[in-house]
Amino acid sequence: MAKVPRNFRLLEELEKGEKGIGDGSCSYGLEDSDDIMMSHWNGTIIGPGHTVHENRIYSLKITCGDHYPELPPTIQFVSRVNLPFVSQVDGKVENSKLPCLAHWNRNSSIETILVEIRREMASFNNRKLPQPPEGSVF
């Protein structure tokens, strides 16, 4: 089976991201519409209900390198958050600690990552973790 070129793949993701994912709890799009390489993205996650994250809006920066989708993008929270896979120094998601990044394959996507992060927020171990003040940033 032929591999879809990077830019075609990112165009598909852009189209899907602009339509919104499922219930609208996660969204993503290009940081700058003039970014012809489609490298720099913004993501948003609305915290899951019945957790310490409920009604919080988390902003993320997503960078798709030259080898995406062979290699995963880098993910960095702009909004301060306390999760075991997020560096408390700079907000970067540590690939080895988030299953969808640790076991990345070219069929995964930006959507896959955002949905998994939100699912992790709602997990038993993370749903009640003390969080920084709402609105604080890295």
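This is a predicted model, so every value here is computed, not measured.

(A) A look at the pattern of salt bridges. Per the counting criterion, the structure on display carries six salt bridges. Measuring nitrogen to oxygen at the nearest pair gives 2.9 Å for the salt bridge that ties Lys16 to Glu111. Of this pair, Lys16 sits in helix H1 (residues 6-19) while Glu111 sits in helix H3 (residues 110-121), placing them 95 residues apart in sequence. Measuring nitrogen to oxygen at the nearest pair gives 2.0 Å for the salt bridge that ties Arg106 to Glu70. Highlighted residues: Arg106 in the loop between helix H2 (99-102) and H3 and Glu70 in the loop between strand S3 (57-63) and strand S4 (74-77), separated in sequence by 36 residues. A relative accessible area of 39% means that Glu70 is categorised as partly exposed.

(B) Broad picture of the nonpolar core. If you look at the biggest cluster of nonpolar residues, it comprises 29 residues, and the most contacted ones within it are Trp41, Phe77, Val93 and Ile117. Of all the elements, H3 adds the most residues to this core, at five residues. Every residue in contact with Trp41, bar those within four places of it in the chain, is listed here: Leu10, Glu13, Leu14, Tyr28, Gly29, Leu30, Glu31, Leu60, Lys61, Ile62, Cys64 and Ile110.

(C) Representation of H3. Here H3 spans 17 Å end to end across 12 residues, near enough to the 16 Å set by a 1.5 Å rise per residue. Burial in H3 covers these residues: Ile110, Glu111, Ile113, Leu114, Glu116, Ile117 and Met121. Tucked inside the fold, the buried residues of H3 contact H1, strand S1 (26-30), strand S2 (40-46), S3, S4 and H2.

(D) Main features of the sheet that holds S1. Ordered by their spatial adjacency, four strands build an open sheet running S1-S2-S3-S4, and the pairing between neighbours is antiparallel. Edge positions in the sheet fall to S1 and S4, since each has one partner strand and no second. The sheet shows a mean angle of 25° between the axes of neighbouring strands, direction not considered. As paired strands, S3 and S4 are joined by four bridges and run antiparallel to one another. Each residue of the ladder has a partner; that of Thr63, found in S4, is Thr74.

(E) Geometry of the pairing of S3. Residues of S3 alternate between two faces, with Tyr58, Leu60 and Ile62 buried on one and Ile57, Ser59, Lys61 and Thr63 left unburied on the opposite face. Of the strand pairs in this sheet, S2 and S3 are connected by seven bridges, and their pairing is antiparallel. By the bridge assignment, His40 is partnered in S3 with Thr63.

Calculation notes
Residues numbered from 1 in each chain as written. Predicted model: local features only at pLDDT ≥ 70, side-chain atom pairs only at ≥ 80, totals over all residues. Heavy atoms only, no water. Salt bridge = Lys/Arg side-chain N within 4 Å of Asp/Glu carboxyl O. Helix = DSSP H or I, 4+ residues; strand = E, 2+ residues; numbered from the N terminus. Buried < 20%, exposed > 50% of the residue type's maximum accessible area, 1.4 Å probe, protein only. Core = buried A, V, L, I, M, F, W, Y, C linked by side-chain atoms within 4.5 Å. Contact = heavy atoms within 4.5 Å. Expected span 1.5 Å × (residues − 1). Pairing = 2+ DSSP bridges. Axes fitted to C-alpha atoms, helices over the stretch in contact; angles between N-to-C directions.

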